[in-house]
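Read off the chains here:
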Amino acid sequence: MQNEKIIFITGGTSGIGKETLKSLALTGATVVFTARSNEKGEEVKREILRETGNEHSAYLVCDLASLASVRACAEEFKNRYPRLDVLINNAGVMPQERQESKDGIELNLAINFLAPFLLTTLLLPLLRQSAPSRIVNVSSSMHKEGEINFNDLESKKGFDMYKAYAQSKLAIVLFTKKLAKDLKGSGVTVNALHPGVVGTEMTMRNVRAMNPILALLFKRMLITPAQGAETSVYLATSPEVAGISGEYFDKKKIVPASPRVYDMDVAEKLENIAKTKVLL
Ligand SMILES: NC(=O)c1ccc[n+]([C@@H]2O[C@H](COP(=O)([O-])OP(=O)(O)OC[C@H]3O[C@@H](n4cnc5c(N)ncnc54)[C@H](OP(=O)(O)O)[C@@H]3O)[C@@H](O)[C@H]2O)c1
């Protein structure tokens, strides 16, 4: 049965995002997701209808590697929908080589941090208007290995795929903490999470590059995309977390994040750089 909630998730077309979308569709909410093409969007929409019976899924074509596309997507969302109850910044990448976005920004930074930073900022007035509302940021436990390298934020001097990914995932947790502070008393909460180590396309691409024995052992540790979606769904819907903000979750529990996420000077400096880069 349809309810009044409107939920928007980035990267609903595969892996953890698609499973999150399906679980949320089962609640009867209107579920909106980003897709990189009409073809993919239509395919997932049909899958949602077939598997959940939810007739109220919709997609917006959006390339998170383009700031113009993120802006257009936020604009379209605001034109189409009167409210936004939950925004889930789920889409992410872990490129094996240094790549740049359409705007010439290193891809981890662009997709895992700047795109959700811009999308969230543009949708914030609607989220405030729709309060109580929630923002859920999908990070990774790898943020604990990360450091914000202000001298080479875009790995121009040397690229290490794990360092670049970890930095972008630390950036999104720092953004979560800072935003929670700014949103205090607004009725809008924001939390970050680690979904687990999940057998999705992103992981399997890296498994294929491992030596076969290591790959075999690693594959045994993986959880399914549906299990990987559980904490996102929990943070998006559970009454248990109403009013909880600025926390980092794993397996539906608050767990300690990197000690680095408490440095509000770093968070502020990063926010100012992000604003400049996305032209806010
Ligand atoms: N898998 C893990 O073990 C793991 C662990 C920790 C954190 N995470 C995080 O969990 C999130 C989901 O990852 P996943 O494992 O489900 O990966 P995935 O299966 O590769 O899915 C990634 C999603 O992001 C979308 N996406 C990628 N680039 C995009 C772009 N330029 N514009 C718009 N959408 C784009 C993809 O769209 P397409 O379908 O068009 O490719 C897809 O829907 C990510 O933030 C990831 O960092 C994953």
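Residues numbered from 1 in each chain as written. Predicted model: local features only at pLDDT ≥ 70, side-chain atom pairs only at ≥ 80, totals over all residues.

A. Broad picture of the overall build of the protein. When helices and strands are counted, the protein shows 10 helices and 8 strands. Its C-alpha atoms give the protein a radius of gyration of 18 Å, near enough to 19 Å, the size a compact globule of 280 residues would have. Taken over the C-alpha atoms alone, the protein extends approximately 50 × 45 × 35 Å along its principal axes. Of all 280 residues assigned to the protein, the portion counted as buried reaches 46%. For the protein, contacts bridging at least 24 residues in sequence account for 74% of all contacts bridging at least 6. (Helix = DSSP H or I, 4+ residues; strand = E, 2+ residues; numbered from the N terminus. Rg over C-alpha atoms; globule rule 2.2 N^0.38 Å. Buried ≥ 20, exposed ≤ 12 C-beta atoms within 10 Å, placed from the backbone. Contact = placed C-beta atoms within 7 Å.)

B. A look at the site of the ligand. Taken together, 28 residues surround the ligand, and among them G11, G15, A91, G92 and T200 come closest. Only α1 (15-25) and α6 (201-207) provide two or more residues apiece to the shell around the ligand. In terms of residue class, the shell around the ligand is made up of 12 nonpolar, 12 polar and 4 charged. (Near = placed C-beta within 6 Å. Nonpolar A, V, L, I, M, F, W, Y, C, P; charged D, E, K, R; others polar.)

C. Structural detail: the nonpolar core. Grouped together as the largest cluster of nonpolar side chains are 75 residues, with contacts concentrated most on I7, V70, L114 and L123. Every residue in contact with I7, bar those within four places of it in the chain, is listed here: L24, A29, V31, V32, D85, V86 and A236. (Core = buried A, V, L, I, M, F, W, Y, C linked by C-beta atoms within 7 Å.)

D. Molecular detail of the packing of α1 against helix α2 (residues 38-52). Two numbers describe how α1 lies on α2: the axes approach to 10 Å, and their chain directions differ by 45°. Taken together, the axis directions place α1 and α2 in an arrangement best described as oblique. Viewed along their axes, α1 and α2 form a crossing whose handedness is right-handed. For the pair α1 and α2, the contacting residues are K18, L21, K22 and A25 in the first and V44, I48, E51 and T52 in the second. For the contact of α1 with α2, the per-class residue count stands at 4 nonpolar, 1 polar and 3 charged. (Axes fitted to C-alpha atoms, helices over the stretch in contact; angles between N-to-C directions. Parallel < 35°, antiparallel > 145°, perpendicular 65-115°, else oblique. Left-handed = near helix turned anticlockwise from the far one by under 90°.)

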